[in-house]
Amino acid sequence: MLHKLKEIRALNAFAKKQSVGMQRKLMLYWVSMILVIFAAVILLLSVAGAFSQNDQQLHEVMELHLKNTQDKLTRHLDRLTAQSLHLSKELSREIEGVLVQEGISWQEVNDDPERLLKLQTVMYPLINTVLQTGNCNGAYAILNATTNTALPTADHSRSGIHLRYANLSASSPVAPTVVYFRGIPDIARQKDLELHNRWNLEFDTDLIPGCRELMEASLDRPAQRYFWAHRIDLKDTWESAMLLCVPIVGSDGTVYGICGVELSALYFQFSYPAMDGTFGSAVTALAPVRDGRLQLAEGLVGSVSGTYLDGQETLVIHQGRYYNAYDAGTERYIGLHQVIPLSKGETEQTDWAAAILIPQDSYAAYMADVQRTWIFAALGLLLVLLTLSFFLA
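Residues numbered from 1 in each chain as written. Predicted model: local features only at pLDDT ≥ 70, side-chain atom pairs only at ≥ 80, totals over all residues. Heavy atoms only, no water.

Engineer: Just checking my understanding: could you explain the overall build of the protein chain for this structure?
Structural biologist: Counting secondary structure elements, the protein chain contains 8 helices and 18 strands. Buried residues in the protein chain amount to 45% of all 393 residues. A separation of at least 24 residues holds for 61% of the contacts in the protein chain among residues at least 6 apart in sequence. For the protein chain, the accessible area works out to roughly 20300 Å², and carbon and sulfur atoms hold 56% of it. (Helix = DSSP H or I, 4+ residues; strand = E, 2+ residues; numbered from the N terminus. Buried < 20%, exposed > 50% of the residue type's maximum accessible area, 1.4 Å probe, protein only. Contact = heavy atoms within 4.5 Å. Areas by Shrake-Rupley, 256 points an atom, 1.4 Å probe, with all protein chains shown as cover.)

See the structure below:
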């Protein structure tokens, strides 16, 4: 080592005795060698991914996207809740008006198709107004009464009206078709409405989680207790939906039934399209969080374009520094989620979350492209400096 240093010193001393041009050449040579070493270090760091700031960038992008999505979802659902609470009050007033006019108690409505028809007749315009003005694809009201208490299904069969849009599409048609999904068909004939091809006279309340418990609750006003039921399959159809359940409370505290709006899985997909970005397609989800898992099968998922999601997964959440990993078993997603308040007074509190999900494969492919760019750039610089060193040597 000392011998080498002596040689370098001798070389420098020799260069000082030479012409100015020779000194400059030697200086350029040393500079080029230093740059070669620097470029080699850059190359090694590039291979190791030391220059990647993409995790931080991804966090900032997803955090902003989640905030915007959360704000949009909260405004959307809060407005539907306010409309449903107002619908509940209006229905209660109309129901009590019919009871007074007929001179009967609420218990006498059972087994009386004519009076149930009168009740549904006054209910229809209120439900239709919510459907026409609300950002939803269905509106309904279920009465805690049935046409025939002698039937085997009477325990969970309840009279009511359910109106739905039939021709949902991404283009949001100006005049969508309203179909009669549940209710006494006389009203459909009066209003010139088409019966849904899976129409039924009454609701099966066993299919709506929490419905019967809400009807049997002791309440003073509808705002005391309401909730979004977990996504259910609509009976005899290929569709699934979430229902907002608000009690219809009378002036004496009698719960006449429940009412609210419907958000179908298809409607939610059209309302919340996937966002194509640098890191991949970002999908919006509204789902319960339970035991460290995001339960997509119980909630709603926006458009899944560019991903392998089908909306039926249970995603295991792994918390991370910049983002979370959501493991579906065969597929893995990265993203963020935030709990938002949806319900009030539930007996079993459900934590609902707004979530943004990106396929991990998409992000990994982007990271690989960035790393390759750095490596090629560093490799090119190294080759240029080596060539320069060769000519100066």
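Now, onward.
Engineer: Is there a simple way to think about the pattern of salt bridges in this case?
Structural biologist: Two side chains carrying opposite charge are able to pair once their charged atoms lie near each other. Tallied over the entire structure, the rule returns 13 salt bridges. It is possible to trace a salt-bridge network through shared partners that takes in E102, D112, R115 and K118. (Salt bridge = Lys/Arg side-chain N within 4 Å of Asp/Glu carboxyl O.)

Engineer: Looking at this structure, I do not really get the packing of aromatic side chains. What am I missing?
Structural biologist: Aromatic ring pairs: the centre-centre distance and the angle between the two ring planes describe each pair. For the coordinates displayed, the defined rule picks out 3 aromatic pairs. With a centroid separation of 6.3 Å and an interplanar angle of 50 degrees, the aromatic rings of Y140 and F203 are classed as tilted. Here F203 lies in strand β6 (residues 203-204) and Y140 lies in strand β1 (residues 138-143), a separation of 63 residues in the sequence. A residue is classified by how much of its surface remains accessible, and F203, at 7% relative accessible area, is buried. Geometry around Y272 places K72 over its ring, the cationic atom sitting 4.5 Å from the centre. The positively charged end of R182 is found above the aromatic ring belonging to F181, 4.0 Å away from the centroid. (Phe/Tyr/Trp six-rings, centres within 6.5 Å; stacked < 30°, edge-to-face > 60°. Lys NZ or Arg CZ within 6 Å of the ring centre and 35° of its normal.)

Engineer: Is there a simple way to explain the side chain of H76 in this structure?
Structural biologist: Position of H76 among the secondary structure elements: in helix α3 (residues 54-102). The class for H76 is buried, based on a relative accessible area of 8%. Separated by 2.7 Å, the side chain of H76 and the backbone oxygen of N135 make a polar contact. Apart from the residues lying within four places of it in its own chain, the contact partners of H76 are N135, L263 and Y272. (Polar contact = N/O pair within 3.5 Å; in protein donor to acceptor, adjacent residues only side chain to side chain.)

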